[in-house]
Amino acid sequence: MNAFEYVRPDDVAGAVTMVSRDPHASYLAGGTTLLDLVLKDGVVELGRVVDITRLPLRGISRGDDTLRVGALTTMEELAADPTVTERLPFVREALLLGASPQLRNMATVGGNILQRTRCRYFRDPTVAACNKRAPGSGCAAVTGVARMHAILGARAACIALHASDLCVPLVALDAVVHIQGVGGKRSVPLTEFYVLPGDRPDIENVLQHGELITEVEVPLLPVNARSGYLKVRDRASYEFALTSAAAALLIEDGTIARARLALGGVGTIPRRAREAEELLNGAPAVNQTFRAAAEVALRDPFTVSGTAFKVELAKRTIVRILQTVSGVQS
Amino acid sequence: MDIVSTLRVNRTERPFTADTRTTLLDALREQLDLTGTKKGCDQGACGACTVLLDGKRVLSCLSLAAQCEGREVTTIEGLARDGKLHPVQAAFIRHDGFQCGYCTPGQIMSAVALLKEGRAGSDEEIREFMSGNLCRCGAYPNIVAAIREVARLGSESQ
Amino acid sequence: MTVVTANKLLGDPVDRVDGPLKVTGAAPYPSDVTYPGLVHAVLVQSTIAAGTIRSIDAADAEAAPGVLAVITHENAPALAEGPMTPLLGPAPPSPLKDNRILHHGQHVAIVVAETLEQATAAARLVRIDYEETAPVLGIDNPEAAVLRNPWGLETQRGDAAAALASAEVVYDETFAIAAGTNNPLGLFATVARWEGDRLIVHESTQWPTMARQTLATVFNVPENDVQVLVPYLGGGFGAGLRTWPHAILTALAARLVDRPVKLVLTRPQMFTSVGHRAETTQRLRLGATRAGRLVAIDHVGTSTLGAEAANMEFISIETGAAYACPNVATHDRQVRLNIPSPGWMRGPGSEGNFAIESALDELSYTLGIDPLELRLRNYAEVHPQSGLPWSSKALRECYRVGAERFGWTRRTPEIGSMREGNWLVGYGMAGVTFGGAQLPCQVRVSIRRDGSAHVRSAATDIGTGTYTVATQLAAELLGLDIGQVRVEIGDSDLAPAPPSGGSSLATSLGGAIRDAAGNLLRAFLNVLAEDHRSPLQGRRRDDVTAADGRIHLVDDPSVGETYSDILARHELDELAADGEINPQADGAGMAPSGPFAARFAEVRIDAELGLLRVARIVSAVDAGRILNEKLARSQIIGATVMGIGMTMLEETIFDPGSGRIANATFGDYLIPVNADVPDLDVVFVGEPDRFSPIGSKGLGEVGIVGVSAAIANAVYHATGRRIRSLPITIDQLL
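Quick notes on the rules
- Residues numbered from 1 in each chain as written.
- Chains lettered and ligands numbered in written order.
- Predicted model: local features only at pLDDT ≥ 70, side-chain atom pairs only at ≥ 80, totals over all residues.
- Heavy atoms only, no water.
- Helix = DSSP H or I, 4+ residues; strand = E, 2+ residues; numbered from the N terminus.
- Rg over C-alpha atoms; globule rule 2.2 N^0.38 Å.
- Contact = heavy atoms within 4.5 Å.
- Pairing = 2+ DSSP bridges.
- pLDDT = per-residue confidence, 0-100.
- Buried < 20%, exposed > 50% of the residue type's maximum accessible area, 1.4 Å probe, protein only.
- Salt bridge = Lys/Arg side-chain N within 4 Å of Asp/Glu carboxyl O.
- Buried area = accessible area lost by both parts, 1.4 Å probe.
- Phe/Tyr/Trp six-rings, centres within 6.5 Å; stacked < 30°, edge-to-face > 60°.
- Lys NZ or Arg CZ within 6 Å of the ring centre and 35° of its normal.
- Nonpolar A, V, L, I, M, F, W, Y, C, P; charged D, E, K, R; others polar.
- Axes fitted to C-alpha atoms, helices over the stretch in contact; angles between N-to-C directions.
- Core = buried A, V, L, I, M, F, W, Y, C linked by side-chain atoms within 4.5 Å.

What am I meant to see in the overall build of chain A here?
Along the backbone of chain A there are 12 helices and 12 strands. Computed over its C-alpha atoms, the radius of gyration of chain A comes to 20 Å, within 12% of the 20 Å expected for a compact globule of 330 residues. Excluding contacts between residues fewer than 6 apart, the proportion of contacts in chain A whose partners are at least 24 apart in sequence is 63%.

What follows is the structure, encoded as structure tokens:
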């Protein structure tokens, strides 16, 4: 927590230039991840904090079949949007089940996508072994106390969880991230935005240093689709998910015409369950189908003793949300 | 690195000099002598430091003071007007919505915002939308009762 | 509002007198204190659990901006050890004694700088080279030293072994309860200032009198030269019973830099620095007849302990008192580990209740007897160990009234037989016998010429309501309005008081106030002894009473005069009297009772997802006289919430290899939030206690006891899963 410079640029291009040129600079938006890591846990050292909260990247606009959400839109603002309520109800549910009202008034959509893992081994610099913090140092969590950790996409090098609720329906929806860098703008589907830990758990996404998320484009669900988000946790509120699932279904005559399914609380990244969707598409909306989809979605988990229970819990979470959304009794 | 800045706190301009690293919470408590806002975890996990920023409830422990320049900050000290308690403050006393009192400023700021957000429609709703404020003394049922009463009185008076 | 004098059970539900200060943010907690020139301290803590410090490199920290001092064992002066503490035993070892590391998170340095940000940054620059040895961790670690019967408090009556061997029904199970952390919302803080050789400390403590004695001993100064101030404390729950090393370090830092120093612990440091509820295991064996009569109890309780620390975790303290069982043996064990020192956390002994009350529930299914009926069949009419009559006991009424309010008769006994929608419904109950003490306490009460009274004692209000009940008692006993009484506490310069802890303070302070009020009336009569102008001249204490700000004859209220008139005529500004209680150790031929309670819980379980939610809890409590019904209800509600946390959420987890606490934040160590807590029903029953001078029994802790067993028993009733370990989490219910 060395002293840092605080700057508040006036425009997006200026902010991007400022951070791109300085390897010790970082954007500051809602602050709910960054300030925690810099000031409290001492995990991140910065030379310069570039406050982007007053840049014109806030607000929601509706197109024909997408919603364009400025990256600095807060979680509460997005949850209050009438289109979200009407056409993306599971996005609203995921938003309101995340964090607390205070944090949702601060945390931005762009920041939510970029939130860092809650793994306490990552967040405590006195723990030597953390490949995410210090590449090549090992992983203390894998032999330590793991409960709020990933079982999909995880490996011995890193089991850190991506704890976002919002991103679960967003990956299910094929949301697209718009990015601005010094070299120009580009767009990346959220499903391709994150990088699995592999050998470099410190690399979490495709952003280059200095690139800024400016907007998230969210396709709307068909008018006749039904959706839901289920979050399972020990505490009734204000806790990250042990497991969660976002599902959107288009059901015609008892058959699933189109399914979207994604998982939270289990992945090193927000987890789109494509194979499960393929199984669901065209299948009858019955419990047998749901269970089969759950089995597929949780194939080949990587568990440690503290996370082993999450495999079955995640399957049941999937079954339950599919039941709820489809109206099928358990 | 020091910054010289001005916060608008409780309808008053308050100039201050602080470190760029100073949070809004520490600026209020250590620089501006507004110690009503409490530090319970300093990590965004307890709600004791809740203040209103431009009318919305936020956590002052995860805000830099520098970020808040020119914005309107309301703390527990700014709630009572002309020596008269805010209805939420009075209801907290009537319903014994606190014991040690440490989380209370944050609870009250949060409750004031919750009422404005229109989220006091049922006990269940109050409980959910007050869950960002921990109370280790366990005054939750009394906090709900206090908010319920203010919500009811408010809707009756309209 | 007369309660004590009229011998009523329930005192007026007066609003908290400190309410206006607390709801406006104006109540000054230790961390709110500042002084001109105040500087900030930040701790550096060990990152290993066992070993020694080879070297410390503080050069970068010392050179960092604003830094005034980096104090380590290499440059700290030797400090004396703290004194033996009544109730609690030896003080925690003084800090920075040597280079040995006994637990992860041990304070190894304190950094002082002009600002908090500078001190925080500099603390991260202190580099320490450790020689690490393998720490002793884990309650079942065979290499750990075990203390047997460490406090000499084991119960032995009859022949439990023989009775077990011949019992018709034998129960034998083990229980495990995770370590818990007190976690008051208020971060513990110390603001220390030296004025020459006089030390003034604003300290997060539940016991100013003991904090003063400890600091005086450690710094080798007269007690009168130490003042400990804590008018308000952001909760304690036992964490503030000790004067912990961080407080001593802050006072040391203030002396060395010759400036007022403020230290506020971080939330992670609250897990390592101020005690925690020990992890415990229990083996419980019961012998019973088929008719449900207990014939034997053998109870082994094991708790964790710091490497060189002392603690009393009374797991089985109530086992011998709870039921009329002729043969009882309890066994206390402590296991020494490289962990931060455990200490008291609200309701030590509640662990044993979890085992006993779970076991009785199991027995009720084995025998086919209603759980409530089983408890009544073993009701202890007199104290089962001493055979003496209880000073008060309304547990039977607790059962009756609690069951009625809860609707216990609606319970269908078969497992899984009650449902609501997709949720399984379970009913469970537990009985509670708990301890409570009266402790020596002193107070000074005065009346001023304006007719106002002033109550002064070194007691504290940690949220329990001391200010309010002391105000009510003084007003009642002196015949004043509540608004005429000012209570000043939280200052060690005032009359010595026991801790706000052990469910003891309200009764102890209340008894002292009663004594002082009587003495004060005597003092007024003494003033009037030669005063022929007074209608009260020559009267004795028994002749008079007080009401409406005046002393008058009991027999003829028209004969009397006001305090103000008396003081004015005698040109006195005020008249003061001291009061005290010194409880009789022998109990005056009675078994001094603590509180009793019956807890009834309804839970909802989503069996597919393993979700457990408490739907409602009814608590029927016998705590003797209730001084203020509103605040008493809050005490029970609050402790019940903490019991919900202990039962369903809370677990302080030590990393098995490093001894580091793996979840030392409020994001990872979960305490209940508002959404976890349903409306909680509380009812008080019984009568004023005969051993207590004001009829009250402690109720600060009883509210947590029995919650775990009632919920676990309800979980069994709903699901058929008997869970003997806490917390009960989703993975156990899948």
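Past the structure itself, the notes keep going.
Mind showing me how you'd approach the pairing of strand β13 (residues 261-264) of chain C here?
Looking down a regular strand, the side chains alternate between one sheet face and the other. Relative to β13(C), strand β1 (residues 39-45) of chain C is paired through 3 bridges, and the arrangement is parallel. What sits directly across from C:His40, in β13(C), is C:Lys262.

Could you clarify how one ought to interpret the confidence of the model for chain C in this entry?
Low-pLDDT portions of the prediction should not be read for the details of their coordinates. In the predicted model, chain C carries a mean pLDDT of 97, and the fraction of residues at 70 or more is 100%. Overall fold confidence for the complex sits at a pTM of 0.98, while the interface term, ipTM, reaches 0.98.

Can you help me understand the pairing of strand β6 (residues 176-181) of chain A in this one?
All names here are of chain A. Judged by how many residues are buried, β6 sits mostly within the fold: 5 of 6 residues are covered. Relative to strand β7 (residues 184-189), β6 runs antiparallel, the two being bridged by 6 bridges. Its bridge partner lying in β7, Gln180 is registered against Lys185. Hairpin remark: β6 followed by β7, antiparallel, with 2 residues in the connecting loop. The pairing of β6 with strand β8 (residues 212-219) spans 5 bridges and is antiparallel. Bridge assignment links Val176 to a residue of β8, and that residue is Glu217.

Would you take a moment to explain the pattern of salt bridges for this structure?
Opposite charge on two side chains permits pairing when their charged atoms draw close. Residue and element names in this part refer to chain A. For the structure on display, the rule yields 90 salt bridges over all chains. As a salt-bridge pair, Glu277 and Arg258 come within 3.9 Å of each other at their nearest N and O atoms. Taken together, the residues Glu277 in helix α10 (residues 274-280) and Arg258 in strand β11 (residues 255-264) connect sequence positions 19 residues apart.

What am I meant to see in the interface of chain B and chain A here?
When the parts of a complex come together, some accessible area is lost, and that lost area is often taken as the interface size. Contact with chain B, which involves 33 residues of that partner, is made by 35 residues of chain A. Both sides together, the interface formed by chain B and chain A hides about 2,800 Å², and carbon and sulfur atoms give 53% of it. On the chain B side of the contact with chain A, B:Arg21, B:Leu62 and B:Gln67 bury the most area, a combined 25% of that side's loss. Where chain B packs against chain A, one counts 4 salt bridges.

Is there a simple way to think about the packing of aromatic side chains in this case?
The description of two aromatic rings rests on the distance between their centres and on the angle between their planes. Scanning the entire structure with this criterion turns up 16 aromatic pairs over all chains. On the numbers, 5.2 Å between centres and 90° between planes, the contact of A:Phe193 with A:Tyr194 is edge-to-face. Here A:Phe193 and A:Tyr194 have matching classes, each one buried. Between the aromatic rings of C:Phe175 and C:Phe354, the centroid separation amounts to 5.6 Å while the plane-to-plane angle is 80°, which identifies the pairing as edge-to-face. Of this pair, C:Phe175 sits in strand β9 (residues 169-177) while C:Phe354 sits in helix α9 (residues 350-367), and the two are 179 residues apart along the sequence. With a relative accessible area of 2%, C:Phe175 lands in the buried category. Three or more aromatic residues joined by ring pairs make a cluster, and in this case those are B:Tyr102, C:Tyr29, C:Tyr232 and C:Tyr467. Seen from the ring of C:Tyr379, C:Arg396 lies directly overhead, with NZ or CZ sitting 4.2 Å from the centre.

Explain the interface of chain C and chain B here, please?
Listed per partner, the contact involves 56 residues of chain C and 48 residues of chain B. For the pair chain C and chain B, the summed buried area comes to about 4,200 Å², and 56% of that belongs to carbon and sulfur atoms. The largest share of the area that chain C buries against chain B comes from C:Val23, C:Leu185 and C:Asn674, three residues that together contribute 19% of it. Scanning the region where chain C abuts chain B turns up 6 salt bridges. The closest approach of N and O atoms between B:Arg136 and C:Glu650, which form a salt bridge, is 2.7 Å. When contributions to the side of chain C that touches chain B are tallied by element, the ones reaching two or more residues are α1 (19-23), α3 (116-123), α7 (267-273) and α15 (629-648) of chain C. When residues in the side of chain C that touches chain B are grouped by element, the largest group, 8 residues, is from α15(C). Residues belonging to the side of chain C that touches chain B are distributed by class as follows: 27 nonpolar, 19 polar and 10 charged.

Can you help me understand the sheet that holds strand β10 (residues 243-252) of chain A in this one?
Two strands in a sheet stick together by hydrogen bonds in their backbones, pointing the same way (parallel) or opposite ways (antiparallel). Residue and element names in this part refer to chain A. Taken in spatial order, the 4 strands of this open sheet run β9-β10-β11-β12, and their pairing is antiparallel. The open sheet has two edge strands with one neighbour each: β9 (226-232) and β12 (271-272). Note that β9 and β10 share 7 bridges and pair antiparallel. In the sheet register, Val232 faces β10, and the bridge partner there is Thr243. Against the sheet, helix α12 (residues 309-326) makes contact with β9, β10 and β11, and its axis sits at roughly 35° relative to β10, the strand it touches most.

Teacher, can you tell me more about the nonpolar core here?
What tends to happen in soluble globular proteins is that the nonpolar side chains get buried as a cluster. In terms of nonpolar packing, the biggest core is built from 298 residues, with A:Val91, A:Phe193, B:Phe92 and C:Ile711 touching the most fellow members. At 11 residues, the largest contribution of residues to this core is made by helix α13 (residues 505-527) of chain C. Counting residues in each nonpolar core, the second largest holds 41 residues, with C:Leu96, C:Ala216, C:Phe219 and C:Leu252 among its members.

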